[in-house]
Amino acid sequence: MDVSVDRIALPWGSRTPYGRDEAWPVRVDTCLADGVDAGGVQRWVQAASILHSDGDAMDIAVLDGRMVGVRGRAQDRVNRGRLEPKDLFAWQANASPDRLTRPLVRRDGRLVECDWATAMDRIVAHSRELLEERGPGAIGFYTTGQLYLEEYYTLAVLARAGIGTNHLDGNTRLCTSTAAEALKESFGCDGQPGTYDDIDHADVIALFGHNLAETQPVQWMRVLDRLEGADPPRLLCVDPRPTPVAREATVHLAPRLGTNVALLNALLHEIIRTDRVDHDYIAAHTVGYEELASRVRDSTPEWAAAICDVPAARITEAAELLGSADRLLSTVLQGVYQSHQATAAAVQVNNLHLIRGMLGRPGAGVLQMNGQPTAQNTRECGADGDLPGFRNWQNDAHIAELADLWNVDPKTIPHYAPPTHAMQMFRYAEQGSLRMLWVTGTNPAVSLPELSRIRSILAQERLFVVVQDLFLTETAQLADVVLPAATWGEKTGTFTNADRTVHLSDKAVEPPGEARPDLEIFLDYAARMELRDKDGGPLITWHDPESAFEAWKRCSAGRPCDYTGLTHARLRGGTGIQWPCDEDAPHGTQRLYTDGITWAHPDVCESYGKDLETGATDDVVEYRSLNPEGKAVIRAAAYLPPHEQPDDQYPFQLATGRTIYHFHTRTKTGRTPQLNEAAPDVWVEASASDASALALEEGDLVEVSTPRGAMRGRLRVTGIRPGLLFVPFHYGYWDTKAGHAPDGETAGRAANETTVTDWDPVSKQPLFKTAAAALRRVERGDGHPAPAPTTTASAPSRADAVPGTTGGPAALVKEDAG
Amino acid sequence: MNGITLTLRALHHGEQRLADELTAVAERHRTEHEVHHVATDLARWSREHVQRVADTGRDHGVNLAGPADHDTSGLLSTLRQKAAEAVGRRPEPGLLLLRDLRELHLDATENSLYWEMLAQAAQATRDDPLLALASACHPQTLRQLRWTNTMIKNLSPQILTSLS
Ligand code: SF4
């Protein structure tokens, strides 16, 4: 049955209900350019989404060498043909007229066009000089969660064994580093235990700080379909905003910011008190239970209620829901990861599953989520503050394996300390010990906290900044050299989503002008730098995506993220495949830990663990005595009050976050008409009671300020928890007169003008959901509502206050359900 | 005064001193954000220890005050912050940071040894409340130690190799 649906007005499309333990029905979503019909498409080229971490598989429609649309892949395990609004429309941005087409170098203070040789020679000359004068610690690489596996691996080898620097991280630090850290703390190793298929089987789904509806919309479609089918799951939602998830939830808790550990400890307290605990599982597969039980002994719902400002009775109900589940699926995202005590809280969700024995069976799983499409690959390949193949920097045998593989002396691979995290790299740059920063595919001048600080670091004379991207972003405007990159649909590579599914994304069209794939740029740099192995041969021996993939397979062999059973050819044509995929599991692996804990043994594990409150690292001796046999580690944590609390001057709490219609800093979604019109500018959300106390109304221009800075936006009055303000973080300055920063004519618009420089001491993830803020009116509204969507968590509290968000004819998408 | 009260006094003094030091280091290194925030959190542990030592001391007939409160707002703190910002852009403060972390480590080590002594004496005299005090506080002192050690380990390579 074919229907056309306005997918801006109805972001999740039509329902295909299904019952528990049944297969999720197929629904193929297609969006083609005006005037093109499916019959006129010359080629369909296989790809997957890079606008969120779902890993939605799709085909790109090509006509006369141009992209003319997309279609979901019916046979893929992840989305069964569905696409979400960003997938459906944002391909159009590839053809934007303002794409970078030639390299730029700064001359007399201005960026001017040049050829590739000139740009690369500048970078190489600068690198050589720094290496000679100051050593590898002067050079850092800050990458993204949007490149491909082959590119990350090449970058990791180049940086770690070629340059020999410890400074390589991704913006996945802002996004997914707590997920990785929480898995390492509990299971000794990174790797998602569960699978999206658990949604088909669960009877309770608990979403902790995870607005699934807007961050992984296709899996939310799956939940919605189950809610309309036989034997639907019950939902627990922990989120201070009235998200679409909250609206469907059996129990919704809206805690005060920064209190997740208190809440989770109370939930654990109740589960232990009512003895809904799987003692056999605990004995067989875990260590540390006694300590957890004693730590939460006094964490009653009443105690937590006072801290979290939610009714104790609701906490008890939530615990009842979790305790009575027979197949429990929990998911976690930024409401936990970007908040105070991030890792400590995420680990308590793992604990919940360990003590209830809810792992490794259909429907019983944990999804420690990612925000970015290729975040998982930065973790596996070692481009994000981990070492390639989930190797342990404290384990000399692991370093020796890498040295062998790359034919270098182990001493050239820095492992005297953990790889430097992004926030520390910026600190080193601020201090002047890091003198060159190569930024690939990310936009720190909008996405990092405390923007005035970040701008002043990037603008320093002594810091040489290279930016490799699609557009002249806010960050690129501050660079010394800008390299035009090819992107999705213009290059070939693989990437892995949050549930370990590896997809291939093929090249469909040529990149614009002289733009080049990131892999080519890295290979060119390695060649010009003449990076050598210890016998004088070239360090990097591969030359294209396929040979890079084969090289990565050798690095992954025998490690948890084993790719040896995969090839580009095998990934072409069918469905994505979940790692580990090797001789023993040629079809991939749906769930980890089906038979006990696999990779926590002291000789194998990726990490010996860290103190959940201080971030201090444990060493092998401590780990061996704690966990000699390699079981899961139950780690308890005490609640600590947040570092910034509201006071008279700054009476509100402030959280930043996302909307379904945009991704990252709107590099592509802001250049997509349907998406841009759905959420064209920044806004500020406040509760009805706070608005009326300040005599503010929908559409008033308000200013949000904190000790770091201020931003302005139109007010949207919503059902958010009183005392809390919310600002979407996607908006920067590239589409304003100011260009890259606020100026006399452009007020602050980016949420991060206000956010604090503070990070979780364990995962080093910045805390974007923690500031204390003030709110004031700048100007009465002119009758226009805030530019916020009505379809999502920013829905107005009074439904009649604002006309509904629609996309009109340009947003019509064909849905074909069976 | 017996050996136990002597040890309690030493701990009372040592933990108060560590709380003050942690607070001062947090202030001095506002631009080292992790140090600033975690040191502030860790100062809270030492203040709790001071309180608990004072409470237990009372039962042993020793009169010890609760933790001294330090007002970190106000002019002094603003001045310190300005100073921290001014030096925050130069590499040499890295050396100062390493020195401060080293001092914290040594002070915490001294406290740790006193906790060890107290626990031993408590066992010898079968003084359960005293043993409970030591077993509650000593692990946190060890965690303070591990934190300073970790920070020194992670920061030294960059700081010490980048001085010209
Ligand atoms: S928007 Fe947030 S969740 Fe999404 S990729 Fe960026 S940091 Fe991650």
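Peer 1: Even after reading the chapter, I still don't get the environment of Gln216(A), so can you show me in this structure?
Peer 2: Residue and element names in this part refer to chain A. Residue placement: Gln216 occurs in the loop between helix H6 (212-215) and helix H7 (217-227). A relative accessible area of 0% places Gln216 in the buried class. On a C-alpha basis, the gap between Gln216 and Gly55 in space is 9.1 Å, while along the polypeptide they are 161 residues apart. Leave out the neighbours within four places in its chain, and Gln216 touches Ser53, Asp54, Tyr196, His210, Leu333, Met369, Asn370 and Gly371. At 2.7 Å, the side chain of Gln216 and the side chain of His210 are in polar contact.

Peer 1: Hey, could you run me through the interface of chain B and chain A in this one?
Peer 2: Facing the 26 residues of chain B at the interface are 37 residues of chain A. Counting across the interface, chain B meets chain A through five salt bridges. Its salt-bridge partner being Glu32(B), residue Arg427(A) comes within 3.0 Å of it at the nearest N-O pair. Viewed at the interface, chain A and chain B are joined by 14 residue pairs in polar contact (both at pLDDT 80 or more). At the level of elements, helix H2 (33-59) and helix H5 (128-161) of chain B are the ones that each hand at least two residues to the side of chain B that touches chain A. A per-element tally of the side of chain B that touches chain A places H5(B) first, with nine residues.

Peer 1: What exactly am I supposed to notice about the nonpolar core here?
Peer 2: A general trend in soluble globular proteins is that nonpolar side chains are found buried together. Phe208(A) and Tyr525(A) are the most contacted members of the largest nonpolar core, which totals 216 residues. If one sorts the elements of this core by residue count, helix H3 (residues 149-163) of chain A sits on top with ten residues. Dropping the residues within four chain positions of it, Phe208(A) is found in contact with Leu236(A), Val238(A), Leu264(A), Leu267(A), Ser330(A), Thr331(A), Val332(A), Leu333(A), Val336(A), Val349(A) and Leu352(A). Residues Met423(A), Val467(A), Val482(A) and Leu155(B) belong to the second largest nonpolar core, which totals 50 residues.

Peer 1: When you look at a nonpolar patch on the surface in this model, what are you seeing that I'm missing?
Peer 2: There is a patch of nonpolar side chains on the surface, built from Leu95(B), Leu160(B) and Leu163(B) and spanning about 240 Å² of accessible area. Along the chain, Leu163(B) turns up in the segment after H5.

Peer 1: Where do I start with the sheet that holds strand E10 (residues 204-208) of chain A in this structure?
Peer 2: Neighbouring strands of a sheet are bound in pairs by backbone hydrogen bonds; such pairs are parallel or else antiparallel. All names here are of chain A. The parallel open sheet is built from five strands, whose spatial order is E12-E11-E10-E14-E15. Edge positions in the sheet fall to strand E12 (251-253) and strand E15 (365-368), since each of these pairs with one other strand and no more. Between one strand axis and the next, the sheet turns by 10° as a mean value, whatever way the strands run. Where strand E11 (residues 234-238) and E12 come together, three bridges link them in parallel fashion. Directly across from Leu236, in E12, lies its bridge partner Val251. Along the sheet, helix H15 (residues 342-356) contacts E10, strand E14 (328-332) and E15; its crossing angle with E14, the most-contacted strand, is approximately 175°.

Thresholds, definitions, all that
Residues numbered from 1 in each chain as written. Chains lettered and ligands numbered in written order. Predicted model: local features only at pLDDT ≥ 70, side-chain atom pairs only at ≥ 80, totals over all residues. Heavy atoms only, no water. Helix = DSSP H or I, 4+ residues; strand = E, 2+ residues; numbered from the N terminus. Buried < 20%, exposed > 50% of the residue type's maximum accessible area, 1.4 Å probe, protein only. Contact = heavy atoms within 4.5 Å. Polar contact = N/O pair within 3.5 Å; in protein donor to acceptor, adjacent residues only side chain to side chain. Salt bridge = Lys/Arg side-chain N within 4 Å of Asp/Glu carboxyl O. Core = buried A, V, L, I, M, F, W, Y, C linked by side-chain atoms within 4.5 Å. Patch = residues over 30% accessible without salt bridge, like charges linked within 9 Å, V, L, I, M, F, W, Y side chains within 5 Å. Areas by Shrake-Rupley, 256 points an atom, 1.4 Å probe, with all protein chains shown as cover. Pairing = 2+ DSSP bridges. Axes fitted to C-alpha atoms, helices over the stretch in contact; angles between N-to-C directions.

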